[in-house]
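Tertiary structure, described
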Amino acid sequence: MSKSVSPNVPRPVSVKAHRGVPLVVAGEKVEAVRDSWLIEDQWWTECPIRRHYHELVGVRGRNLVVFCDLRTGGWFRQAA
Amino acid sequence: MGASSPYIELHCHSAYSFLDGASMPDELIERAGELGYGALALTDHDSVAGAMELAVAARRSSVRAIFGTELTVALPASDPRGQTPGDDRRFAHLTLLVRDGRGWRNLCRLLTLAHAHTRARSDRRLSQPSVSLQQVSEHANGLVCLTGCAQHGVRDERTVRILRDSFGPERLRVELQRPYAHGDRARNRALELLANRLSLRTVATGDVHAHAPMRALLQDALVAVRHGATLDGSEVCRRPNHTHVLAAPDAMAARFGSHPDAVAETVSLAEMLTFQLTGDLGYRYPGHDDGGATRMLTGICQGALGMRYSGNHPRLAEAQARLEAELQTIDTLGLSGFFLLHHEILELAHAVATEVRGRDSARALLAPGRGRGSSVSSIVCYLTGLSHIDPIANDLAIGRFLHEDITALPDIDIDFPRDIRERLIPRIVDHYGAERAALVATFPTYRARGAIRELGKALGLPAGEIERVARGSEGRGSQGTVAADVAAALGKERLERGRWAWLCRLANEAHGLPRHMSQHPGGMVISTRPLIDCCPVVPAAMESRQIVQWDKDSCADAGFLKIDLLGLGMLSAVERCVELIAARHKQTVDLSRIPFDDKATFQCIQEAKTTGVFQIESRAQMGSLRRTRPQTLAELTIQVALVRPGPIVGGAVNPYIERRQRLALEPDFQVPYLHHSLRGPLAETLGTIIFQDQVIEVAQAFASFSAGEAEGLRRAMSRKRSEQAIASHHERFIAGACRAHSDVDESLAEEVWKMVRGFAGFGFPKAHGAAFGLLAYQSTWLRVHYPAEFLCALLNEQPMGFYPPDSLIGEAQRRGVRILAADVNHSGAECTLAEDGAICMGLAYIKGIRQIDIDSLLAAREADGAFVSLEDLRARSGLPSSALQALAWSGACAGLMAGGEHGAGVGAGADHRTRRTALWKLGVPKGKAPIKQGRQLALELSLGDAPELPALSDWELMIADYSVTGVSIERHPLALLRAELTRLGAHATAALADMAHGCEVAVGGLVIARQRPATANGITFLLIEDEHGTLNVIVPTRLYERQRQIVRTEPLLLACGRLERHQSGGGAINLLARSLEPLRDIWGPSASVTALANADGQAGTDATADGDRAAAAVGPAELEATGTDGFLAVAPPAHSFAQGRRR
């Protein structure tokens, strides 16, 4: 049986941020920002991507990966 | 420098990091200046190819250039970064920056070492350049080392310690980058800790790959091209975002906000990197400093003078005076060593020529090479053998080539036959030393057609549509043009949005960017000190050749002497012809002693029967020849120079021709001159400017320019974007003319200036015209007196000239030359000449047969006699199936099925049946599988009887001929279409001679040339051919715009319009087209292309495996995908819009 691949579809999430840096994600306060990075891709398609990702540690000790869609301003969460 | 700039960029790639960097060095410098940078370092991958361009651009800017490279280092196998041989993770990158002259020398040597093994594969395919850490350590002096980029930099402590030992802590920095990729922060934290442990400083860099945001998008596409992938499928190879665009210093400082020391270090380090490339690199050419050079050169010239102008030669005194003057100028300029160096190379060429030709060959009489260009006007060049034209007898003025005001080294270009040049180049490298001689590089750049194909593929556009757009492209590359290409081929709606719109934008951005490195056609640099101390030297794709990493402009900026050793196909062809004449007629032809007033030769020239000859064979030259009707070599010199942009734009062509025609009718006709002072400079060209030299002479005689000023004007006219430079001479010209002549007013001076100014396009110096005119005459003489030998020589020297082999053959057949198709029992590898004068096509013309296959077949034939059957051929030749099938499909096996007679007994009727049967019989059996110890012993083989196969039609046979050999000897496509064309009311070209000027005609033809000269105001010219001859079709601009795709891509056309035959045209017939229709609809029974011929002999080395790959060629499905079928896929390539021959 072939192994299925997770589509890792982004899900909207509520984020409070200051100057683009998340402070609270889905009600959970952010303890630390481990990393942040930028993805700009698929500009040649109908659905270009511009995302500012953040890898965070929540106060409950969880690892969180969220991104801000720089085209719409919306926040999304993806599996780490 | 940098006082107000908080950050200096020390890691930047230009487009000379091929298919990675997306901006030119001058674009980077300009943008850096706009952003407020004080300095900028260029660090291309394993290269300094763009360094001189950066240096030159920086001279015009406030930004100081820093030089370096991103060098690939092969880490020891034990290094944890890579374990697998061949895996690119074995390699790491170091950023090396040049501090001083010693550092530059070390960098050049390191890069030379990095490339030394890159052509080591048997197929000489390029492999990854790299050096060892040991080699880096040995060349550390004068260099500053950064530990490399985020992705491939050195990060293990052991390696960094080795580097610290080599460079010392003062010249080693740990490099931090922040490309906003996942893992940046952790990496930089770790690198900072590493630096602290080793007491090293960190430095921030940006790893710039583009100067502007749009180029970042192009960079994505270029990376996809480099990986042979689409943008959609190359996510892992590409950069995650576009932060590699050159950003403002403040923005970069902010990006590294948590590493302020690393930012400050960029400025400190930049202050240490003071090396300037535009200073003296220490290059000297051999003989430069030779104090005895003048004496030696004088001795050589005086010795030759005595021989060339022996006894009481009528021009001896004039020659002696000219020689003394030239030697004086050469001595004053310190150029004696320069001429001696060229003479020495010619001596080497003599030795090579003797080896290549053999002492007793008929062509041993010929000089090893011939001069071209302005150097032909020099008597020193004539006497040292660098030119073959007597400048005194031909009245060639020296000024353009050599005078006391010259500011750059003069150009001496020498043409050689291809085989001699092939051996001469490595001989020169041997003679002067591999470290001291190398070819100049050239960098092919993106143009529209290549950009459409490569970027279109990266965008994932349909292959068939890309090909349609590319084939129909006008090839200029501006955004508007590519958009017009797409609109013309696929419709305007494709441009509205989506990937086709992106293609247009990307192609525009890519236009002019270098794509890869190649070798210059003949430019060579020779040095007294090792060249590798001045510029890296790398192996070329061709064996025994090596190239410097700079192109001719960078070499000139560095002060290198470039010697041009050019290969000229026609020289090779005339030498072959001389050999063939000797073999068949037992005559030795010395081309320097043939009669130069031969009536038959000049008659052919005047009637434009010049297909295949040098320079005067093109459509435009033929049209002109009928009008000018040259009668002497001097007039041919003018003719060769006449059809060039300079005389055309300058308005010289029609006045010259009209005055010539008038003089022929009225010998007393007084040629009009704008001013009496022009009578001297312009007498031989009847008051018009045809030669470059005449610009100089007119400026001197009319406007009293000095020799240096006049040469400055000429140079300004030959430079790109020369408007400003030319304008600066304008005022001086007008004032000078009015001052020098009391009868010249401003309006007359302006009129003469207009004539001079019009010449700003490309034109020949008279000396060049004389050299080329002589070869044009000699090749015509051979064509007239030895037509079969001349054609045979041309066929064996392809590709060359204006016409494809198919047209050369068709035209020669119409003159009565017999051509026989290739035959396995009668053909050699090359075309050969039978005793009766028939030409037998060579086996090398059959596509899909490799040289090794031909050698094998000929060896078997030589060993045990002619093949007697297909079974015999298969058993004895040992050819793979693909080669046997190509032979069968080409008709080369027909003799084996019809009693073995070549050219007889296999008449057209037989050929219709035999090819398919031979293909079936040779294609069915499988080859034997290779085993470890070799092959199975071949048992006798019975091919069995073929089933009853349908006969091929004439059209199918012609398609087969074109697809396998590129020529159709027995069937012209128009002859096959003639009945249908006649039914449609079309005429054959033979019928046009009897038709009146102005009548409406329709003519069908095979397109053999398409031209749209910039000088023709949008008019396109098509040269079409039928079974009787050729016809020039004039396509007006509006018709071209309406039917552009047809004009640019259809091989068979029906042209309808008005027949034009002007009295002044010398009998030339043109068709002014009103409409053009593709002849596809009447191609008759559609013959699909059986793709036997794609291999081109490039398949693998194992014959059997190769055979099994057999016809892995373009299949019908693929042809369908590219919008082609039948004839379109196999049509002989046409001379197409100054792009050479292409389909």
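Residues numbered from 1 in each chain as written. Chains lettered and ligands numbered in written order. Predicted model: local features only at pLDDT ≥ 70, side-chain atom pairs only at ≥ 80, totals over all residues. Heavy atoms only, no water.

Considering the overall build of chain A
When helices and strands are tallied, chain A shows zero helices and seven strands. Seen in sequence order, chain A has helices and strands lined up from the N terminus as β-β-β-β-β-β-β. Dimensions of chain A along its principal axes, counting C-alpha atoms only, are 35 × 35 × 20 Å. When burial is assessed residue by residue, chain A has 38% of its 80 residues classed as buried. Long-range contacts, defined as pairs at least 24 residues apart, comprise 36% of the intrachain contacts of chain A with a sequence gap of at least 6. Here chain A displays about 5000 Å² of accessible surface, and carbon together with sulfur accounts for 53% of that area. Computing the positive centroid from 12 side-chain charges and the negative centroid from 8, chain A places the two 7 Å apart. (Helix = DSSP H or I, 4+ residues; strand = E, 2+ residues; numbered from the N terminus. Buried < 20%, exposed > 50% of the residue type's maximum accessible area, 1.4 Å probe, protein only. Contact = heavy atoms within 4.5 Å. Areas by Shrake-Rupley, 256 points an atom, 1.4 Å probe, with all protein chains shown as cover. Lys, Arg positive; Asp, Glu negative; His and termini not counted. Charge placed at Lys NZ, Arg CZ, Asp CG, Glu CD.)

Quick look at the pattern of salt bridges
All names here are of chain B. Counted according to the given criterion, the structure contains 67 salt bridges over all chains. Between Glu34 and Arg31 there is a salt bridge, with its nearest N and O atoms 3.0 Å apart. With Glu34 and Arg31 both in helix H1 (residues 25-35) and three residues apart, the pair spans about one turn of that helix. We classify Glu34 as exposed; its relative accessible area is 51%. When its relative accessible area of 29% is taken as the criterion, Arg31 is described as partly exposed. (Salt bridge = Lys/Arg side-chain N within 4 Å of Asp/Glu carboxyl O.)

Describing the interface of chain A and chain B
Each side of the interface is counted separately: chain A has 14 residues, and chain B has 24 residues. Between chain A and chain B, the buried area comes to about 1600 Å², and carbon and sulfur atoms account for 49% of it. Contact with chain B buries surface across chain A, with Glu40, Trp43 and Trp44 of chain A losing the most and accounting together for 46% of the total. Applying the counting rule to chain A against chain B returns one salt bridge. Of the charged contacts in the structure, one is a salt bridge between Asp41 of chain A and Arg238 of chain B, with a shortest N-O distance of 3.2 Å. Inspection of the region where chain A meets chain B yields 12 residue pairs in polar contact (both at pLDDT 80 or more). Examining the composition of the side of chain A that touches chain B, we find that nine residues originate from one element, strand S4 (residues 28-41) of chain A, more than from any other. (Buried area = accessible area lost by both parts, 1.4 Å probe. Polar contact = N/O pair within 3.5 Å; in protein donor to acceptor, adjacent residues only side chain to side chain.)

Considerations on the packing of helix H7 (residues 213-226) of chain B against helix H18 (residues 499-510) of chain B
All names here are of chain B. Running from amino to carboxyl end, H7 crosses H18 at an angle of 100°, the nearest separation of the two axes being 10 Å. Between H7 and H18, the crossing angle belongs to the class labelled roughly perpendicular. Contacts from Met214, Arg215, Leu217, Leu218 and Ala221 of H7 reach H18 at Trp502, Arg505, Leu506, Glu509 and Ala510. (Axes fitted to C-alpha atoms, helices over the stretch in contact; angles between N-to-C directions. Parallel < 35°, antiparallel > 145°, perpendicular 65-115°, else oblique.)

Some remarks on the side chain of Gln546 of chain B
Here Gln546 of chain B shows up in strand S13 (residues 546-551). Not counting residues within four places of it along the chain, the set of residues in contact with Gln546 of chain B comprises Val429, Ala434, Ala437, Ala438, Leu439, Val537, Val538, Pro539 and Ala540 of chain B.

Examining the sheet that holds strand S15 (residues 819-820) of chain B
The strand order S15-S17-S16 (chain B) describes an open sheet built from three strands, whose pairing is mixed. Looking along the sheet, the strands with just one partner apiece sit at the ends: S15 and strand S16 (832-833) of chain B. (Pairing = 2+ DSSP bridges.)

Some details on the confidence of the model for chain B
Residue and element names in this part refer to chain B. In the predicted model, chain B carries a mean pLDDT of 88, and the fraction of residues at 70 or more is 90%. Taken together, the stretch residues 1084-1124 has pLDDT below 50 and engages in 77 contacts with residues farther than four places along the chain or on a different chain. With pTM at 0.85, the complex prediction returns an ipTM value of 0.92. (pLDDT = per-residue confidence, 0-100.)

Considerations on the packing of aromatic side chains
All names here are of chain B. Under the definition given, this model contains 31 aromatic pairs over all chains. Residues Phe18 and Phe443 carry aromatic rings whose centres are separated by 6.0 Å and whose planes lie at 35° to one another, so their mutual orientation is tilted. Residue Phe18 is located in the segment before H1, and its partner Phe443 is located in the loop between strand S10 (437-442) and helix H15 (448-458); the two are separated by 425 residues in the primary sequence. Both rings, one in Phe702 and one in Phe733, keep their centres 5.8 Å apart while their planes meet at 40°; by these two values the pair is tilted. Separated by 31 residues along the polypeptide, Phe702 in helix H27 (residues 692-703) and Phe733 in helix H29 (residues 723-740) bring together distant segments of the chain. With relative accessibility at 0%, the residue Phe702 sits in the buried group. Here a set of aromatic residues connected by ring pairs shows up, and it is made of Phe67, Trp104, Phe275, Tyr283, Trp550 and Phe560. Positioned over the ring face of Tyr382 is Arg308, at 4.5 Å from the centre of the ring. It is Arg1012 that lies over the ring of Tyr1040; its NZ or CZ is 3.8 Å from the centre. (Phe/Tyr/Trp six-rings, centres within 6.5 Å; stacked < 30°, edge-to-face > 60°. Lys NZ or Arg CZ within 6 Å of the ring centre and 35° of its normal.)

Some details on unusual backbone geometry
Going from Gln798 of chain B to Pro799 of chain B, the amide bond is cis rather than trans, its omega being 5°. Relative to the elements of secondary structure, Pro799 of chain B occurs in the loop between helix H32 (787-796) and helix H33 (805-814). With phi around 50°, Arg19 of chain A is a residue other than glycine that occupies positive phi space. Relative to the helices and strands, Arg19 of chain A is located in the loop between strand S2 (15-18) and strand S3 (21-25). Residue Arg19 of chain A is classed as exposed on the basis of its relative accessible area, which comes to 78%. Positive phi, normally seen in glycine, also occurs at Gln615 of chain B, with a value near 70°. With respect to the helices and strands, Gln615 of chain B occurs in the loop between helix H21 (599-606) and helix H22 (619-628).

Regarding the sheet that holds strand S11 (residues 518-526) of chain B
Backbone hydrogen bonds hold the strands of a sheet together, and the pairing may be parallel or antiparallel. Residue and element names in this part refer to chain B. The seven strands lie next to each other as S8-S9-S14-S11-S10-S13-S12, forming an open sheet whose pairing is mixed. The sheet is open, and its two edges are formed by strand S8 (370-372) and strand S12 (537-539), each paired on a single side. Each adjacent strand pair in this sheet contributes to an overall mean axis angle of 40°, direction not counted. Where S10 meets S11, five bridges bridge the pair, whose relative direction is antiparallel. Bridge pairing in S11 links Ala437 to Ile526. Lying on the sheet, helix H12 (residues 336-357) is in contact with strand S9 (413-416), S11 and strand S14 (562-567); it crosses S14 at an angle near 30°.

A short note on the nonpolar core
All names here are of chain B. With 133 residues, the main nonpolar core has Phe733, Met841, Leu873 and Leu887 as its most contacted residues. Look past the residues within four positions of Leu887 in its chain and what remains in contact with it is Val824, Leu843, Ile846, Ile849, Leu857, Leu873, Leu879, Ala892 and Cys893. Formed by 128 residues, the second largest nonpolar core is a distinct cluster that contains Val136, Ala247, Ile412 and Val537. (Core = buried A, V, L, I, M, F, W, Y, C linked by side-chain atoms within 4.5 Å.)

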